[in-house]
Amino acid sequence: MSQPQTLIRIAHVSKRYQEGDRERVVLADVEAAFGAGEHIAIVGRSGSGKSTLLNLLAGLDLPSAGEIWIGGDCISRFSDRARTLFRRDHIGFIFQFFNLISTLTVRENVVLTAELSGWKPPAARAQTDRLLDAVGLLDRAQTFPDKLSGGEQQRVAIARALCADPPLILADEPTGNLDADTGAQVMGLLTALARERGKTLIVVTHSSEVSALADRIFRLDHGRLLEVAHRHPA
Amino acid sequence: MRDALRRPWLTGLLVVSVALGVAVVVAIDMANESASRAFALSTEAVVGKATHQIRGGPNGLDETVYRDLRVIDGYRASAPVVEGYGIAVELGRQTVHVIGVDPFAEAPFRTYFNSTTSAPLDALTGFFTQPGAVLMSADSAARFGVKVGDALTLDVGSQRRQAVVVGFLQSPNEVSGRALEGLWLTDIATAQEFFAMAGRLSRIDLIATASAAEAIAARLPPNLTLAPASEQSNTVAQITAAFQLNLTAFSLLALLVGTFLIYNTVTFSVVQRRQVFGIMRSLGVTGAQIFGLVLMESALLGALGAALGLGLGVLLGRTTVQLVTQTINDLYFNVTVNSIDVTWLTVIKGIALGIGAALLAAVAPAAEATTAPAVATLQRSSLEERVRQLVPRLALAGVLLVAGGAALIAFIQTSVVASFAGLFIGLIGVVLWVPAITVGLMRLAAVGLGRAGLTGRMAARTVTGALSRTAVAIAALMVAVSVTIGVTVMIASFRTTVGHWLDQTLLADIYISPPQATANRSVTMEPALAERIRAVPGVAEVEVYRNVVVDAPALGAVRVSAVTVAHARDAGLYRYAAGTPGETWQAVEGGAVVVTEPFANHHHLPPSGGAVTLLTDQGPHTFPVAAISYDYSSDQGIVLMSLNVYRRYWNDPEISSVAAFVSAGANREMVEDAVRAALAGSVVVVRGNKALRDAALVVFDRTFAITAALRWVAVIVAFIGVVSATMALQLERTRELGVLSAAGMTLAQLWRLTLLETGLMGATAGLLSMPTGLALAAVLIYVINLRSFGWTIFFAPAPEVYLEALALSVAAALLAAVYPMRRLMHASRETTAALRSE
């Protein structure tokens with residue numbers, strides 16, 4: 001079995017925050033590489049810097065030192081606008097609190113990312129409906145988010161993350177706000193869809209059930225990222 | 001309060017909006033109070049302790065009446081008065097009220113010659129011995145650097161008189177000092193000389209019991225009246241009541257707009273703290289306690305705003321006092337205000353209005369706060385859902401309020417207060433339609449903008465989705481802009497009407513009159529001047545006018561304008577007339593009168609067949625009314641009659657002004673110069689038709705300066721409202737904007753989305769304000785003005801106003817988006833953090 005081609009390279013990344021007159025180091029010289037199509041779980045205690053790392057990977061924030069490469073692009077050197085445009089085409093994001101736009105219908109929430117990526121409306125609409133069908137919510141396409149349960153909202157968020165067909169999906173505690181059964185269902189769906197479409201999936205989680213679905217598990221501890229488990233493909 | 005301090009911008013805006021509203025109310029109140037009080041003080045100074053007054057016609061009464069009263073009837077509690085107005089040339093052409101008295105009869109009436117408000121003894125010697133001797137207030141003298149022995153020029157009508165200051169009236173305190181402002185005291189003989197009233201008196205003051213007064217009245221000749229002294233000041237108060245009420249109502253509008261803002265801010269603060277309230281409930285805090293807490297916070301901020309507003313109001317008051325005094329002097333009577341009254345009543349009113357508005361606006365959000373379920377937080381979407389459910393009920397309540405307001409206006413026709421109340425209620429009714437109309441308009445906008453992409457649809461949806469915020473901001477802006485439209489259209493219509501009326505009235509080419517000492521007072525020029533004008537080469541014809549104030553047994557003081565008419569007036573000048581203008585004038589020459597529209601409205605005269613009874617020198621006489629004419633020179637109204645008829649009933653050979661018609665082919669400017677040369681040495685103003693027309697419009701614009709300023713204050717308050725609402729909205733949406741940013745929306749797109757949202761809000765407010773402003777203008781024109789002043793104003797649509805209003809609304813809304821977006825730009829980290837927190 002050949003190694004997957006590297007999609008993400010984290011090179012000597014550090015992140016420090018100034019807190020009053022003290023400096024707090026959240027990430028210290030983090031080094032990692034994730035392959036295309038790989039499923040990665042990042043675990044760690046609360047406040048260990050998991051979400052910070054995810055924000056850096058998404059280009060929502062910049063490292064204090066080091067570089068982040070996605071594909072052939074060093075996104076940490078990009079301007080804010082270039083990172084936004086890069087994110088639009090290359091990254092799908094799933095949040096713990098779903099973060100659907102309350103004023104848009106389910107279909108509009110999903111189509112948003114495709115439209116932003118410049119998809120033609122008919123193609124965007126077809127893609128949206130395919131994904132809504134895949135997450136089992138096509139019949140709720142015209143519903144507003146506040147009428148959906150937590151699990152349903154997260155399924156819409158999964159469809160939204162996949163809609164523009166980005167190679168990388170980042171999920172920040174995607175089951176953190178759901179009960180165990182619903183969480184397992186949502187995670188199963190996310191993993192299946194990501195694998196089916198060959199997406200790289202990086203999940204930040206506390207849950208051992210969620211991390212168990214990943215190919216590799218990393219632990220963030222005192223600012224260091226350590227690989228703690230590697231599941232060989234069957 | 002800790003929560004309020006945590007959001008200094010929103011709290012600051014709330015305080016500023018209360019402060020602005022209160023400041024305007026206080027400033028107007030101060031101006032009204034100061035002018036009224038100054039007038040009351042000067043009236044008191046002039047009337048003194050007199051209980052009754054005997055008055056005659058325009059030329060006063062014969063002094064033998066006084067002699068007979070005192071000598072034959074032995075009525076000692078009486079004092080003769082000769083009074084009039086003149087322009088004190090060296091005192092900055094200030095209008096002065098000259099009162100001639102008999103110091104020996106004065107003691108029981110006025111205090112000028114006693115020890116408290118005293119003139120020194122050496123001054124009194126000069127008072128009796130020196131020709132033209134006058135006493136003036138020590139304060140005025142100090143202000144103008146006048147010394148004892150200084151000669152001052154007094155222009156009375158077209159005549160120039162010389163006065164000599166022989167002493168000063170000292171006042172023991174500031175209040176009585178103010179009463180003496182603009183007052184000159186002289187002896188009877190000097191006053192008779194000043195006002196060309198040899199052998200005549202303006203009035204006789206009496207201190208009499210009701211029965212004694214009745215007995216005296218019974219013995220008076222029929223051309224004299226005996227009336228309570230208080231009648232004069234009451235009439236004056238009534239004259240300005242409508243003007244002052246209108247100003248007060250407009251100032252309250254600014255506060256009304258401010259109230260929306262307070263509602264918005266308090267709601268925002270409550271919604272943001274629902275979780276806190278929920279936790280407090282779970283710890284045992286009752287709903288009533290939370291209700292009280294929110295009200296208390298609002299009241300404290302309201303009090304802070306009111307306190308700031310009071311200070312600002314006093315500063316603003318200095319300008320408004322000048323504007324109000326100027327208008328009162330232009331339109332009603334002479335009043336000198338050199339100091340500003342800040343009464344306790346004004347202070348209490350300002351604070352009560354500020355706190356009251358804050359409490360009123362906080363009731364609904366405070367009630368909302370009590371419904372926070374313990375521990376659990378109500379989702380924002382659920383709140384909006386509830387608001388959406390309320391929309392039809394609000395619209396229905398709006399219909400009821402609009403109907404109620406209209407009914408109030410329609411059925412209580414005599415009260416201007418009821419008309420304003422109806423206007424306010426109706427306006428609040430329209431405000432309740434705002435959510436429903438916004439939902440409808442945004443549906444249309446979503447369809448239209450949706451074609452341009454998701455951003456357009458999103459913008460329209462956001463406006464509807466956050467209706468609890470957006471509707472209030474739209475309503476505040478809509479009210480302010482519709483007030484601007486309403487007032488602008490009203491002023492434009494009024495100005496057009498007055499301009500048109502001036503065109504119809506000012507037919508002559510040249511107008512000659514003494515400098516106007518003050519409105520509502522007779523001015524006199526020498527009758528011989530009319531003949532001198534007629535003799536000027538190039539003058540084809542002259543019209544002579546005599547303007548006087550006469551008593552009418554049932555109506556009080558009435559302005560009479562007696563004219564010789566050289567040219568028939570346009571039929572359009574008459575609101576009601578039985579025949580053609582020629583026939584009407586024939587009737588007038590035959591002894592009928594024409595009354596102006598405000599006169600007919602105030603005294604409820606029928607369109608035809610009415611009559612007016614006036615006290616002539618031959619006793620009361622009833623004049624039939626031949627026509628009712630439009631007139632915008634006096635809101636109290638005028639009785640117009642032929643000069644020949646006037647002189648038949650009044651022994652008054654004087655004239656007030658002359659209008660000259662230039663011969664065909666003559667050069668108007670050259671004739672005007674020739675008239676000026678012919679009148680050299682007389683104190684008169686010679687003005688061409690255009691100059692007089694322009695001067696009239698200058699007075700008009702001055703009259704509406706405050707109203708015009710007030711509408712801008714309302715817009716400023718509304719602008720602050722929209723800024724705060726937009727800020728609240730955007731701050732609440734920080735997380736949503738973070739999601740959009742994470743999904744790949746660039747900052748430019750976020751800007752576009754936000755500007756589109758606020759632009760839609762502004763456009764909605766602008767669109768709604770057009771019909772509302774138009775309706776407001778209609779009510780102001782056809783109801784408020786008619787009932788307040790009795791004028792028919794012809795509607796001038798002023799189309800540019802609507803586009804301006806739309807542009808103003810959209811611009812205000814767009815500008816309001818700038819601060820929150822700038823904040824967002826500088827807070828990308830907060831945005832990112834917001835994605836992770838609920």
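Residues numbered from 1 in each chain as written. Chains lettered and ligands numbered in written order. Predicted model: local features only at pLDDT ≥ 70, side-chain atom pairs only at ≥ 80, totals over all residues. Heavy atoms only, no water.

Caption draft 1: Main features of the pattern of salt bridges. All names here are of chain B. Using the criterion set out here, one finds 28 salt bridges over all chains in the structure. A salt bridge links Asp503 to Arg693, with the nearest nitrogen and oxygen atoms 2.8 Å apart. With Asp503 in helix H17 (residues 467-505) and Arg693 in helix H23 (residues 689-703), this pair connects stretches of sequence that are 190 residues apart. The class for Asp503 is partly exposed, based on a relative accessible area of 44%. Relative accessible area serves as the criterion here: at 22%, Arg693 is assigned to the partly exposed category. We note a salt bridge from Glu597 to Arg575, for which the minimum N-O separation is 3.3 Å. Of this pair, Glu597 sits in helix H20 (residues 597-602) while Arg575 sits in strand E15 (residues 574-577), and the two are 22 residues apart along the sequence. On the basis of relative accessibility, which here comes to 33%, the residue Arg575 falls in the partly exposed class. Linked through salt bridges whose partners overlap, the residues forming this network are Arg668, Glu669, Glu672, Asp673 and Arg676. (Salt bridge = Lys/Arg side-chain N within 4 Å of Asp/Glu carboxyl O. Helix = DSSP H or I, 4+ residues; strand = E, 2+ residues; numbered from the N terminus. Buried < 20%, exposed > 50% of the residue type's maximum accessible area, 1.4 Å probe, protein only.)

Caption draft 2: Looking closely at the pairing of strand E8 (residues 183-187) of chain B. All names here are of chain B. The element E8 is extensively covered by neighbouring structure, given that 5 of its 5 residues are classed as buried. By the alternation rule, side chains of E8 split into Leu183, Leu185 and Asp187 and Trp184 and Thr186, which are all buried. Pairing of strand E4 (residues 94-101) with E8 involves 5 bridges; the strand directions are parallel. Residue pairing for E8: Ile99 is matched across the bridge by Leu185. With 2 bridges connecting them, strand E5 (residues 133-137) and E8 associate as antiparallel partners. If you follow Met136 over to E8, its bridge partner there is Trp184. (Pairing = 2+ DSSP bridges.)

Caption draft 3: Representation of the interface of chain B and chain A within the structure. Between chain B and chain A, the contact holds 25 residues from the first and 28 residues from the second. For the pairing of chain B and chain A, the buried interface totals around 2,500 Å² over both sides, and the portion due to carbon and sulfur atoms is 58%. Our count for the chain B to chain A interface comes out at 1 salt bridge. Measuring nitrogen to oxygen at the nearest pair gives 2.4 Å for the salt bridge that ties Arg461(B) to Glu108(A). (Contact = heavy atoms within 4.5 Å. Buried area = accessible area lost by both parts, 1.4 Å probe.)

Caption draft 4: Examining the packing of helix H15 (residues 416-450) of chain B against H17(B) more closely. Residue and element names in this part refer to chain B. Two numbers describe how H15 lies on H17: the axes approach to 9 Å, and their chain directions differ by 130°. It follows that H15 is oblique to H17 by the angle criterion. Crossing of H15 over H17 shows right-handed handedness. Taking contact as the criterion, the partners of Leu427, Val430, Val431, Val434, Pro435, Thr438 and Val439 in H15 are, on H17, Leu467, Ala471, Ile474, Ala475, Met478 and Val479. When its residues are assigned to classes, the contact of H15 with H17 shows 12 nonpolar, 1 polar and no charged. (Axes fitted to C-alpha atoms, helices over the stretch in contact; angles between N-to-C directions. Parallel < 35°, antiparallel > 145°, perpendicular 65-115°, else oblique. Left-handed = near helix turned anticlockwise from the far one by under 90°. Nonpolar A, V, L, I, M, F, W, Y, C, P; charged D, E, K, R; others polar.)

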